[in-house]
Amino acid sequence: MNAAVATSVFAVFMVATVALGLLALRGRGKGGGLAEWSVGGRSLGPVFIWVLMAGEGYTSFSYLGAAGWGYNYGAPVLYVVAYMSCGYAIGYVVGPMLWAYARRHGLVGITDMVAHRFGRPWLGAVVAVLATVFLLPYIQLQITGMGVVLSVISYGAVSLNWAYFVAFAVTTGFVVVSGLRGSAWVSVLKDVLVIATLGFLALYVPLHYFDGFGPFLDRLVTEKSDWLTLPGHGGGGGGSGDGGGSGFGELWFISTTFLNSLTVVIFPTTVAGYLGARNADALRRNAMYLPAYNVLLFVPMLLGLAALFVVPGLAGAESNLALFKLVVDALPAWAVGVVGVAAALSSIVPMAVFMLVIGTMWGRSVLSLVPRLAERQKSAAQVVVVVAGGLALLLTYTAPNTLVRLSLISYEGMAQLLPMVLLALVWRRLTFRGAFSGLIVGVAVVCALVFSGNDPVGGVNAGLVALAANLAVALAVTFAGSRDADPRPDTEVLAHDPVGEDDEPLAAARATRAARSTSDHRV
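Residues numbered from 1 in each chain as written. Predicted model: local features only at pLDDT ≥ 70, side-chain atom pairs only at ≥ 80, totals over all residues. Heavy atoms only, no water.

**Q** Tell me about the overall build of the protein, residues and numbers included.
**A** Tallying secondary structure elements over the protein gives 22 helices and zero strands in all. Out of the 523 residues belonging to the protein, those deemed buried represent 58%. Long-range contacts, defined here as pairs at least 24 residues apart, represent 83% of the contacts in the protein between residues at least 6 apart. (Helix = DSSP H or I, 4+ residues; strand = E, 2+ residues; numbered from the N terminus. Buried < 20%, exposed > 50% of the residue type's maximum accessible area, 1.4 Å probe, protein only. Contact = heavy atoms within 4.5 Å.)

What follows is the structure, given as structure tokens:
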């Protein structure tokens, strides 16, 4: 009976989610072209941009992975709050720059930007392939998270393997039909449920299991003090980050926060949110308000620590279950279903955007190089979405991992695009040979370190070590070679902050007032 009630609640909300995505396209014909599907026609206002970008930041990684890492290690998981807050501050400057650059040149993603900056269409295809490789673990993360949720709230009636497939099928169908605009609409529902359920759990769990916050915190300090300081529980030196001797100390915390805060602003999904904005001012306001959303991240971290006492003994990927073990044991079936829906939507929204971005990159930068497909970019992109989701599903079955570990791998790989995507747009001197050589070296180093189990390296995030090598090679090749012979003016090549240019009606009104003032003065 419990399984039937919880899964019924879940099913009703999933149907409502798909319906909401379809409703978002009302009045837009057959959904428009690639720009409408991938960046919402560049017409999303401040509210939709806020909930969409908050949705990308608050995923099943935050809902389940934060609880899991809090359960496994404790304090090191606070890097999530640190890097996201720092990333929003950097995004205050970077977001409007990328928005203006893409709008000025009719671009829809980072692969377009790279191809335009260096004047080489094939380079966009190379970046699309690399970005896809490093995005797949994040899609796998969302499939894993939603699968775990469905399996647990069904009280084991739905196996994990079937739950993973349902996660893939629902999200793939949703993103193919609704695009970025549908994701923004569903983000509103997701945020309401996330705020309500986490607010409730933050109060209910300590009271239900420990008779209040005081006894819970007192017990935590007394019995689990290792979890409250860096490097956290089991945090010796070195190691791969998968068990004891994790090495997640001060150096790892600082280097990971620094690397991720830079990387998040050029993450393809973040850029998709930037480019969907109606104007750059909406991005600036979001950069100021979004850090407030990070307060919610403390709740699953706290619940992960509470689970240490309630459901001890979870190991490896099982730690992802920490939060929901508390929920299933403490709440009635209908409430379990509602919490499950909030967590599932925290997977669907970001996973939809990730798959959307991959489809857009391939449709725009890879398949468009094939003459027969150049005129069918949107349909080609939708096919790629299905393929990418299928590959992530296959990885979920064959290479499971903890949710935080999957997130770290994605960020460490994506960071290697920083010089080519960001530095190149503000420094004209960076040459194609320098940027491309650095990219090759950075990707090689990060793959070698991660897959040989040497992450962190001496306590430092392996992605930052690889990025340092990347930059060193890029600068060395740039200064050793000839100057860039690109004849285009700076306005065509470089990005800049569009202060005073982002609101076209306002700019026109100002110009009219200025003209009238001049005319009156002459009279």
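The rest of the description comes next.
**Q** Report on the packing of helix α10 (residues 250–263) against helix α20 (residues 462–480), specifying residues and quantitative values.
**A** Remark: α10 packs on α20, axes separated minimally by 8 Å, with the N-to-C direction vectors making an angle of 60°. One element, α10, and the other, α20, form an angle in the oblique class. Pair α10 / α20 crosses with left-handed handedness. Between α10 and α20, the contacting residues are S255, F258 and L259 on the first element and G463, L464 and L467 on the second. (Axes fitted to C-alpha atoms, helices over the stretch in contact; angles between N-to-C directions. Parallel < 35°, antiparallel > 145°, perpendicular 65-115°, else oblique. Left-handed = near helix turned anticlockwise from the far one by under 90°.)

**Q** Give me the pattern of salt bridges: which residues, what numbers.
**A** One pass over the structure, following the stated rule, counts five salt bridges. We note a salt bridge from R285 to D281, for which the minimum N-O separation is 2.4 Å. Of this pair, R285 and D281 are both found in helix α12 (residues 280–289), four residues apart, which corresponds to roughly one turn of the helix. The partly exposed category is assigned to R285, whose relative accessible area is 28%. For D281, a relative accessible area of 31% translates into the label partly exposed. Each member of the salt-bridge network shares a partner with another, and the members are D281, R284 and R285. (Salt bridge = Lys/Arg side-chain N within 4 Å of Asp/Glu carboxyl O.)

**Q** Tell me about unusual backbone geometry, and please be specific about residues and values.
**A** Residue P231 is bonded to the preceding L230 through a cis peptide linkage, with omega at 5°. Along the chain, P231 falls in the loop between α9 (213–223) and α10. Look at the link from D455 to P456: it is a cis peptide, with omega at 5°. Mapped onto the elements, P456 comes out in the loop between α19 (432–451) and α20. The backbone of Y155 shows a phi angle near 60°, a positive value even though the residue is not glycine. By secondary structure assignment, the location of Y155 is in the loop between α7 (121–153) and α8 (160–210).

**Q** An account of a nonpolar patch on the surface is requested, with residue identities and associated values reported.
**A** Together, Y92, V93, M288 and Y289 line one region of the surface with nonpolar side chains, adding up to about 400 Å² of accessible area. Elements with a contribution of two residues or more to the nonpolar patch: α5 (79–105) and α12. (Patch = residues over 30% accessible without salt bridge, like charges linked within 9 Å, V, L, I, M, F, W, Y side chains within 5 Å. Areas by Shrake-Rupley, 256 points an atom, 1.4 Å probe, with all protein chains shown as cover.)

**Q** Can you explain the side chain of R429? Please cite residues and give values.
**A** Its location among the elements puts R429 in the loop between α18 (418–426) and α19. According to the relative accessible area criterion, R429 is buried, its value standing at 15%. Within the structure, the side chain of R429 is placed 3.4 Å from the backbone oxygen of T478, a separation counted as a polar contact. (Polar contact = N/O pair within 3.5 Å; in protein donor to acceptor, adjacent residues only side chain to side chain.)

**Q** Could you give me a rundown of the packing of aromatic side chains, with the residues and numbers involved?
**A** Going through the model one piece at a time under the given rule, you end up with 23 aromatic pairs. Between the aromatic rings of F165 and F168, the centroid separation amounts to 6.0 Å while the plane-to-plane angle is 50°, which identifies the pairing as tilted. Taken together, the positions of F165 and F168, both in helix α8 and three residues apart, correspond to about one turn of that helix. Residue classification places F165 among the partly exposed residues on the basis of a relative accessible area of 36%. Put simply, the rings of W69, Y73, Y79, Y83, F248, W252, F267, F354 and Y411 touch in pairs and so form one group of aromatic residues. One cation-aromatic arrangement involves R117 over F118; the distance from NZ or CZ to the ring centre is 4.7 Å. (Phe/Tyr/Trp six-rings, centres within 6.5 Å; stacked < 30°, edge-to-face > 60°. Lys NZ or Arg CZ within 6 Å of the ring centre and 35° of its normal.)

**Q** An account of the environment of L430 is needed here, citing residue identities and associated values.
**A** Tracing the backbone through its elements, the reader meets L430 in the loop between α18 and α19. Along the primary structure L430 and F479 are separated by 49 residues, whereas in three dimensions their C-alpha atoms are 8.5 Å apart.

**Q** Got a sec to walk through the environment of Q140? Specific residues and values, please.
**A** As for its placement among the helices and strands, Q140 is situated in helix α7. Residue Q140 is classed as buried on the basis of its relative accessible area of 3%. For Q140 and A399, which are 259 residues apart along the polypeptide, the C-alpha to C-alpha distance reads 9.5 Å.

**Q** Account for the confidence of the model for the protein, with residues named and values stated.
**A** With 82% of its residues at a pLDDT of 70 or more, the protein shows a mean pLDDT of 82. Element-level pLDDT for the protein is lowest in helix α22 (residues 504–522), with a mean of 45, against a maximum mean of 96 in α20. Segment residues 236–244: pLDDT under 50, and 26 contacts once partners within four positions in sequence are set aside and those in other chains are kept. Taken together, the stretch residues 504–523 has pLDDT below 50 and engages in three contacts with residues farther than four places along the chain or on a different chain. (pLDDT = per-residue confidence, 0-100.)

**Q** I'd love a proper account of the side chain of T396, names of residues and values included.
**A** When you line up the elements, T396 lands in helix α16 (residues 377–398). Among the polar contacts listed, one links the side chain of T396 to the backbone oxygen of A392, at a separation of 2.8 Å. Discounting residues that sit within four places of it in the chain, T396 has contacts with Q140, I143, T144 and Y164.

**Q** Residues and numbers for helix α13 (residues 298–310), please.
**A** Here α13 contains 13 residues, and its C-alpha end-to-end distance of 19 Å stays within 8% of the 18 Å for a straight helix at 1.5 Å per residue. Counting buried positions over the 13 residues of α13 gives ten, a clear majority of the element. Those residues of α13 that fall on the buried side of the exposure criterion are V299, P300, M301, L303, G304, L305, A306, A307, L308 and F309. (Expected span 1.5 Å × (residues − 1).)

**Q** Could you give an account of the environment of L475, naming the residues involved and the relevant values?
**A** Relative to the helices and strands, L475 resides in helix α20. Using a relative accessible area of 33% as the deciding quantity, one classes L475 as partly exposed. Put simply, L475 and T431 are 44 residues apart on the chain and 8.9 Å apart in space, counted from C-alpha to C-alpha.

**Q** Pulling in residues and values, what's your account of the nonpolar core?
**A** By size, the foremost hydrophobic cluster in this structure holds 154 residues, and its most contacted members are Y63, I139, I143, F324 and L417. Among the elements that take part in this core, helix α15 (residues 333–366) stands out by supplying 20 residues, more than any other. Other than its neighbours up to four places away in sequence, L417 contacts I110, V127, A131, I266, L422 and L439. (Core = buried A, V, L, I, M, F, W, Y, C linked by side-chain atoms within 4.5 Å.)

**Q** Hey, could you go over the packing of helix α1 (residues 2–23) against α15 for me, with residue numbers and the actual values?
**A** Interaxial distance between α1 and α15 falls to 8 Å at its minimum, and their mutual angle equals 40°. The element α1 and its partner α15 pack so that their crossing is right-handed. Contacts between α1 and α15 involve N2, V5, A6, V9, F10, F13, M14 and T17 on the former and, on the latter, A333, W334, G337, V338, G340, V341, A344, L345 and I348. Of the residues in the contact of α1 with α15, the class split is 13 nonpolar, four polar and no charged. (Nonpolar A, V, L, I, M, F, W, Y, C, P; charged D, E, K, R; others polar.)

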